[in-house]
Amino acid sequence: MTAFTIFILAVLAIALVAFCTWFFASIADGKCPMCALKHIGRGKLTIDIKKEPNYENNVSSTPIMGWSSWNLLRNHIDEDAIYGTAKAMVDSGLAEAGYEYINIDDCWQSSMRDEDGKLQADLEAFPSGIEALCKRVNALGLKLGIYSSNGTLTCEDMPASLGNEELDAKTFASWGIEYLKYDFCHNQIITGSTPIIEFADISKPGERSQMRLRPDHAKYTGRAKTVKCTDLPSKQGMGFLNHGAGTASFNVDVPYGGEYIITIHYHKTAYHKKQYMQVVVNGRVYEVHFPSGFSMSHDAKVQAEIRLDSGDNKITFQNPVVTMADSSYIQYKRMGEALQNASRGWAAYTGKEEKPITFSICEWGFAHPWNWGRKAGNMWRTTMDITPKWFRIKSIYNKSVELYRYASPGHINDPDMLEVGNGKLTPDENRAHFTLWCMMAAPLVLGNDLRRLADGSSKSRFLIDTLTNKSLILIDQDPLVKPAKRIKRSPALDILARPLANGDTAICFFNKSAKERPVEFDIDSLSEYKYLNFRRAPGNYEIHDLWTDDRNAGTKITATVPKHGVAVFRISQ
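The text that follows walks through the structure, step by step, so that each part is easy to find. Given the structure is predicted, the values throughout are model-derived calculations rather than measurements.

### Brief notes about the state of the cysteines
Point 1. Within the structure shown, the criterion is met by one disulfide.
Point 2. The residue that forms a disulfide with Cys155 is Cys185, at a sulfur-sulfur distance of 1.9 Å. Residues Cys155 and Cys185 share a disulfide whose torsion about the S-S bond is about 90 degrees; that sign makes it right-handed. Of this pair, Cys155 sits in the loop between strand 3 (143-149) and helix 7 (165-175) while Cys185 sits in the loop between strand 4 (179-183) and strand 5 (197-203), placing them 30 residues apart in sequence.
Point 3. Residue classification places Cys185 among the buried positions, given a relative accessible area of 15%.
Point 4. For the unlinked cysteine Cys362, the closest cysteine sulfur is that of Cys155, found at 7.2 Å.
Point 5. Residue Cys362 is classed as buried on the basis of its relative accessible area of 1%.

Pasting the structure below:
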């Protein structure tokens, strides 16, 4: 036996011992170790969301159109640049074409929250404050958007909103904000670990306990059960609640509805990591976090405020978190609900018309938000950040075009901002980029310097003509919100087709290669694709070229597609 073989066997033995130690320690601590190992993979959602309602907050059902500060200004932003861009959006005709959001990205905020713990604008760059800027932008007929992160800090290490969702949502609503981009930097994943629960007391605020939820009174599901724990005064507790292993439920009857305090007594080990549990009361979820640390005592308690109805109530202890996707879903849903409550609450408080906040989930596609985003927000990023590089635009397109099934009115795939006018993209690449985003029913959020569009240069005129192409904007904003399906793929040429609300069909030929490509396409062949709901016409079709504006009749499309370019048509019967 060689020294290398002995080394490998020793490593395997150590790993086996470590695994066995963890396995049996988990069981001793009232946990299901096999449940923690199942469904490993960050993108798989294990929480059952079928019965959860879709996220609805009365924002536009079609993709947003606007501008974001990040691609151009990054962390060098101030209120003059934001307002100047808003004014340029109006003066250039972009606002008239449908662009209405001015979105402030990262670094708008001070590194200090105010004395009440609220986010506040950078005290030098935004001396007037966000509320005042919002009113100026609104006076131009536009909407103001803002940025935070689902983490302890933003991507540029500024104060973020994880753990402060309700407070920050109320702050944004009070300022008049109508869009939130919620990033994923410095995120802290919710753990699937849950301690043994000894018992829980329920009381009115300021009163002693009125009732106790005991392990032997619980109705268990799955692997959850009463377990022995000699370290606890009661010698038993509710175990195996971790990683979706099972639940413990109670029926609680109270004479009066209202706010109550639930005090949860649980088991601690000498060294304990942060743990998590949900208390579900009549379908409403209250989150409980058990802190990490060292302890001399084995029993501890945490408290939460819950609302009970008069009469019978169902209270369930659970921890549904298995994967990263489960964690992301819970956290983004938390902020989405906070935004809904904040905008409605602020409208009720002021007596003004509600300004619903479009909620943009910027999770980068790690946890496959297209599977759950419609339950948590209005739109979701499908990939990491875009750059003004042709290969990056193609990469994002290739990923996002495959997600066409997941979009619907009010719930939008977001392949990130437009880079039209940025970098060294050629005119054909700029047009192709814009066209592909329109075909995919993507948000049209600009990132170029709108203030330069008034210089009268040929480049500026080209950009304005590109970005205000009414025929393509109508495709992007089609109320059916059914993104294009790629019906043909080859190394050189893709063909995309999209059904439209009035029965028309949009078809795009995307030349990915470095030389011109001739195309000839039989329109009747679109009937082969069920997704398009295309019906053959007895005669000719009306064929509208959306870039040249040429119109003709026929049954075939014949075109030459430039390198890194597109040819796009609207087909009518």
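### Some thoughts on the sheet that holds strand 17 (residues 311-318)
Point 1. Taken in spatial order, the five strands make up an open sheet running 7-10-17-13-14, and their pairing is antiparallel. The open sheet has two edge strands, strand 7 (219-222) and strand 14 (284-290), and neither has a second partner. Ignoring which end each strand starts from, the neighbouring axes of this sheet average 25 degrees apart.
Point 2. As paired elements, strand 13 (residues 275-281) and strand 14 share seven bridges and run antiparallel to each other. Residue Val281 lies in a different strand from strand 14, and its bridge partner there is Arg284.

### Thoughts on the pairing of strand 10 (residues 246-254)
Within a regular beta strand, the side chains point alternately toward one face of the sheet and then the other, so they alternate between its two faces.
Point 1. Most of strand 10 is tucked away: seven of the nine residues are buried.
Point 2. For strand 7 and strand 10, the ladder comprises four bridges, and the chain directions are antiparallel. Within strand 10, the residue paired with Tyr220 across the bridge is Ala248.

### Structural notes on empty space enclosed by the protein
Point 1. All told, the structure shown has three cavities of 30 Å³ or more when counted by the stated rule.
Point 2. For the lining of the largest cavity, the secondary structure elements donating two or more residues are strand 3, strand 4 and strand 19 (379-381).
Point 3. Looking at the lining of the largest cavity, its residues break down into nine nonpolar, three polar and five charged.
Point 4. Quantified by volume, the second largest cavity comes out at close to 60 Å³.
Point 5. Along its surface, the second largest cavity is lined by Val59, Ser60, Thr62, Pro63, Ile64, Thr358, Asn378, Met379, Gly410, His411, Ile412 and Pro443.
Point 6. Considering only residue class, the lining of the second largest cavity consists of six nonpolar, six polar and no charged.

### Here's the deal with the sheet that holds strand 22 (residues 485-489)
Point 1. Strand order in the open sheet made by the six strands is 22-23-24-29-26-27, with antiparallel pairing throughout. This sheet does not close on itself; its edge strands, each paired only once, are strand 22 and strand 27 (551-554). With strand direction ignored, the average angle separating the axes of adjacent strands in the sheet is 25 degrees.
Point 2. Here strand 23 (residues 493-499) runs beside strand 24 (residues 505-511); their pairing, made up of seven bridges, is antiparallel. Its bridge partner lying in strand 24, Arg498 is registered against Ala506.

### Notes on unusual backbone geometry
Point 1. A positive phi angle is found at Phe240, which is not glycine, with a value near 60 degrees.
Point 2. Examined against the element boundaries, Phe240 turns out to sit in the loop between strand 9 (236-239) and strand 10.

### So, the pattern of salt bridges
If the charged atoms of two oppositely charged side chains come close together, the side chains can form a pair.
Point 1. Applying the stated criterion across every chain yields a total of 23 salt bridges.
Point 2. Glu100 serves as the salt-bridge partner of Lys143, at 3.9 Å between the closest nitrogen and oxygen. Taken together, the positions of Lys143 in strand 3 and Glu100 in the loop between helix 5 (94-97) and strand 2 (101-103) put the pair 43 residues apart, joining distant regions of the chain.
Point 3. Given a relative accessible area of 27%, Glu100 falls into the partly exposed group.
Point 4. A salt bridge links Arg451 to Asp449, with the nearest nitrogen and oxygen atoms 3.0 Å apart.
Point 5. A network of salt bridges, in which partner residues are shared, links Glu402, Arg486, Asp494 and Lys512.

### Describing the packing of helix 10 (residues 390-400) against helix 11 (residues 427-439)
Point 1. Two elements in contact, helix 10 and helix 11, have axes whose closest approach is 11 Å; the angle formed by their N-to-C orientations is 15 degrees. Put simply, helix 10 runs roughly parallel to helix 11. Of the two elements, helix 10 crosses helix 11, and the hand of that crossing is left-handed. In contact with Trp390, Ile393, Ile396 and Tyr397 of helix 10, helix 11 contributes Glu429, Ala432, His433, Leu436 and Trp437.

### Let's talk about the packing of aromatic side chains
Point 1. What the rule picks out here adds up to 22 aromatic pairs.
Point 2. When the ring of Phe509 is compared with that of Phe569, the centres are 6.2 Å apart and the planes differ by 70 degrees; the resulting orientation is edge-to-face. Residue Phe509 is located in strand 24, and its partner Phe569 is located in strand 29 (residues 565-572); the two are separated by 60 residues in the primary sequence.
Point 3. An aromatic cluster of three or more residues is present, and its members are Tyr55, Tyr182, Phe184, Tyr329, Tyr332, Phe359, Trp364, Phe366 and Trp372.
Point 4. Over the aromatic face of Tyr83 sits the side chain of Arg136, whose NZ or CZ is 3.8 Å from the ring centroid.

What counts and how
- The residue numbering used here restarts from 1 in each chain and proceeds along that chain's sequence as written.
- Since the coordinates come from a predicted model, pLDDT governs what is reported: local features require at least 70, and pairs of side-chain atoms require 80 or more to be given and counted, while whole-chain, interface and lining totals use all residues.
- Only hydrogens and water are set aside when side-chain values are computed; all heavy atoms of the structure are taken into account.
- Pairs of cysteine sulfur atoms within 2.5 Å are what we label disulfides.
- Comment: elements are numbered from the N terminus, with helices defined as DSSP H or I runs of at least four residues and strands as E runs of at least two.
- The classification of residues rests on relative accessible area computed with a 1.4 Å probe and restricted to protein chains. Under 20% of the type maximum is buried, over 50% is exposed, and intermediate values are partly exposed.
- What makes two strands pair is DSSP finding at least two bridges between them.
- Structural elements are reduced to axes, namely lines fitted to C-alpha atoms, with helices fitted over the stretch in contact, and the angle between N-to-C directions of any two is expressed from 0 to 180 degrees.
- A pocket here means an open set of points on a 1 Å grid, computed over the protein atoms alone, that has protein on both sides within 12 Å along at least five of seven lines. A cavity is instead a set of points where a 1.4 Å probe fits but cannot get out; residues with an atom within 4 Å of a point line either one.
- Grid points are joined across faces, edges and corners, and a volume is the space filled by probe spheres set on the points.
- Throughout this entry, Asp, Glu, Lys and Arg are counted as charged residues, while Ala, Val, Leu, Ile, Met, Phe, Trp, Tyr, Cys and Pro are counted as nonpolar. The remaining residues, Gly among them, count as polar.
- Salt bridges are defined as contacts in which a side-chain nitrogen from Lys or Arg sits within 4 Å of a carboxyl oxygen from Asp or Glu.
- An angle counts as roughly parallel when it lies under 35 degrees, as roughly antiparallel when it exceeds 145, as roughly perpendicular when it falls between 65 and 115, and as oblique in every other case.
- Should the near helix be turned anticlockwise from the far one by less than a right angle, the crossing is left-handed, and should it be turned clockwise, the crossing is right-handed.
- The criterion used for residue contact is that any of the two residues' heavy atoms lie within 4.5 Å.
- In this scheme Phe, Tyr and Trp rings, the latter by its six-membered ring, pair at centre separations within 6.5 Å, and the angle between planes marks the pair as stacked below 30 degrees, edge-to-face above 60, and tilted otherwise.
- In our convention, an over-ring charge means Lys NZ or Arg CZ found within 6 Å of a ring centre and within 35 degrees of that ring's normal.

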